[in-house]
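Now for the letters of each chain:
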Number of protein chains: 2
Amino acid sequence: MAGSAEKSLPVPSILRLPKYLRLLKEFRQKGDKIISCTRIAEEFGQLSVQVRKDLAITGVVGRPKVGYQVEELINGIEHFLGWDHKTYAYLVGVGNLGSAILNYAGFLEHGLKIIAAFDNNPKLIGKKIKNCTVYSISEISKLKLSHTKDVQMGIVTVPAPEAQRIANLLVNVGVRSIWNYAPVRLDLPPDIIYEEVKLSESYAVLSHRLNQRTS
Amino acid sequence: MAGSAEKSLPVPSILRLPKYLRLLKEFRQKGDKIISCTRIAEEFGQLSVQVRKDLAITGVVGRPKVGYQVEELINGIEHFLGWDHKTYAYLVGVGNLGSAILNYAGFLEHGLKIIAAFDNNPKLIGKKIKNCTVYSISEISKLKLSHTKDVQMGIVTVPAPEAQRIANLLVNVGVRSIWNYAPVRLDLPPDIIYEEVKLSESYAVLSHRLNQRTS
DNA sequence: TAGATTGTTAATCGATTAACAATC
DNA sequence: TAGATTGTTAATCGATTAACAATC
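Remember, it's a predicted structure, so these values are computed and weren't measured experimentally.

Q: Any chance you could explain the side chain of B:H110 here in plain terms?
A: Inspection of the secondary structure assignment puts B:H110 in the loop between α6 (105-109) and β4 (112-118). Residue classification places B:H110 among the buried residues on the basis of a relative accessible area of 10%. Beyond its immediate sequence surroundings of up to four residues, B:H110 is in contact with A:S200, A:Y203, B:G82 and B:W83.

Q: Just to check I follow, could you spell out the sheet that holds strand β5 (residues 128-129) of chain B for this structure?
A: Strands belonging to one sheet form pairs held by backbone hydrogen bonds; the direction of such a pair is parallel or antiparallel. Spatially, β5-β6-β4-β3-β7-β8-β9 (chain B) is the arrangement adopted by the seven strands of the open sheet, whose pairing is mixed. The sheet is open, and its two borders are formed by β5 and β9 (193-196) of chain B, each paired with just one other strand. Of the pairings in the sheet, the one linking β4(B) to strand β6 (residues 132-135) of chain B comprises two bridges and is parallel in character. The residue of β6(B) that forms the bridge with B:F118 is B:Y135. Across the sheet, helix α9 (residues 199-211) of chain A lies against β3 (87-92), β4, β7 (153-156), β8 (177-180) and β9 of chain B, angled at about 175 degrees from β9(B), the strand it touches most.

Q: Help me understand the protein's contact with DNA strand C in this model?
A: Inspection of the region around DNA strand C gives 22 residues, with A:K65, B:R52, B:G62, B:K65 and B:Y68 positioned closest. For DNA strand C, the backbone portion of the atoms within 4 Å of the protein, that is sugar and phosphate, comes to 58%. At 2.8 Å, a side-chain N or O of B:R52 approaches a base nitrogen of DNA strand C. One of the backbone N or O atoms of B:K65 is found 3.4 Å from a base oxygen in DNA strand C. Of all elements in the fold, only α1 (11-30) and α3 (48-56) of chain A together with α3 (48-56) of chain B reach the threshold of two or more residues within the surface near DNA strand C. Split by residue class, the surface near DNA strand C holds ten nonpolar, four polar and eight charged.

Q: Help me out: how do you make sense of the interface of chain B and chain A in this one?
A: On the side of chain A, 56 residues touch chain B, which itself brings 56 residues to the contact. Three residues, B:Y203, B:L206 and B:L210, lead the burial of chain B against chain A; their summed loss comes to 14% of the area buried on that side. Linking chain B with chain A are four salt bridges, by the criterion used here. A salt bridge links A:R209 to B:E195; the nearest nitrogen and oxygen atoms lie 3.8 Å apart. Across the chain B-chain A interface, the total number found is 19 residue pairs in polar contact (both at pLDDT 80 or more). Breaking the side of chain B that touches chain A down by element, the ones donating at least two residues are α1 (11-30), α2 (37-44), α4 (70-81), α5 (96-103), β8, β9 and α9 (199-211) of chain B. Here the element with the most residues in the side of chain B that touches chain A is α9(B); it accounts for 13 residues. In terms of residue class, the side of chain B that touches chain A is made up of 29 nonpolar, 16 polar and eleven charged.

Q: Honestly, the relation of the copies chain B and chain A in this entry has me stumped. Any pointers?
A: Copies of the same chain, two in number, are related to each other by a rotation about an axis and a translation along it. Expressed as a screw operation, the relation of chain B to chain A combines 0.0 Å of axial shift with a rotation of 180 degrees, fitting to an RMSD of 0.0 Å. The superposition operator between the copies reduces to a two-fold rotation axis. Taking C-alpha positions as reference, the residue of chain B nearest the rotation axis is B:N96, located at 2.4 Å. The overlap is high: 100% of the interface residues of chain B also sit at the interface in chain A, so the same surface is used on both sides.

Parameters and conventions
Residues numbered from 1 in each chain as written. Chains lettered and ligands numbered in written order. Predicted model: local features only at pLDDT ≥ 70, side-chain atom pairs only at ≥ 80, totals over all residues. Heavy atoms only, no water. Helix = DSSP H or I, 4+ residues; strand = E, 2+ residues; numbered from the N terminus. Buried < 20%, exposed > 50% of the residue type's maximum accessible area, 1.4 Å probe, protein only. Contact = heavy atoms within 4.5 Å. Pairing = 2+ DSSP bridges. Axes fitted to C-alpha atoms, helices over the stretch in contact; angles between N-to-C directions. Near = heavy atom within 4 Å. Polar contact = N/O pair within 3.5 Å; in protein donor to acceptor, adjacent residues only side chain to side chain. Nonpolar A, V, L, I, M, F, W, Y, C, P; charged D, E, K, R; others polar. Buried area = accessible area lost by both parts, 1.4 Å probe. Salt bridge = Lys/Arg side-chain N within 4 Å of Asp/Glu carboxyl O. Least-squares fit on C-alpha atoms with pLDDT ≥ 70 in both.

So this is what it looks like as structure tokens:
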């Protein structure tokens, strides 16, 4: 039932879903079956309408006077985000940042399965990080042929000057999306889904606030 | 001349400044003295008005028909963001993520000077990462007394379950701001400036787009 | 001067918030 | 039933975009 209207859902709402999901899992842990927007909203200092609107984009419906079923909401958010099934990925750049991503269990919990990592440092090649082997970058196209699963995502954790070249390489082996941690904007074909992690940008907001009154 | 109105500047604009700054530095590198909004805008696929509005918040003014002076704009953005002077910080959690931040030269270039790192792993204590010594977390209050410079920022790169405790500790030794990389929202006094790096949130947007049509 | 570019005021757009009817 | 909560329509708010005057 692919929608014909192609109405893009509000990004701010999507960005708030993971935190709701975390909270809901805590509630499930405690054995709670039912939750209200009011309760979620007060946890985050938001208005309950906003939570309701956010949750509505997942398609899950609540019951007036009662609330939402915790389990249904968890499943709804996870399905909406595509976190209810595995997404296979390659990661290029096994420095500290790349290693952090490989080691972080949270992403696996969200379905992210990194099936191979790549780096040109000979000391790293052949190593295993969390069941993920590190290969030479030159092997990337060869390796791709041996994988039966679609590799849908390329994670770029190389230094900025190499990021564009690496991203091109990943696009060439057929990934549909690029998750970029390098502090450069990458130029990619329009059909490639692209998302950046903006560390300097986050620092900019913090740093600006810190210096706001000092003058 | 601290403004009395306290009008908060648009966060979206602040978030775009670092990318302008990167581009401007490239232009300076090439020897360009003058730059127009039109030129910056086309580089990022934006409208020139938006660039102009964004740059306006820094207080730098351009000259009609001419454009902006590259050097003046760089200085203006850096000053606005507080990147033209050092900000001293403590970092707690010297795992892969913490190490990545310690090793990344870009932050130092933006004035971030991490003067001490903390971790409870005995293998790390005493080590130096980029001129920054790793101490036991228990030493944090002792160490603070020996620093003459104000430590204005605490960077939290510990696992989620420890993040709140560590943040409290940092607030207790007197930091004015917390930069949190752990995937939890931290509860802090209202006068503490707080900013999160939201990795799961970034992944959520990407993952959602990737799965949008699949149903 | 003519044309390009800035700075600013007005219009549009999208997200947040308010108001309220529906309902269990 | 009465009250709490959802879902939805309308109002507000802020950011983006359009229009245009000022100017070098």
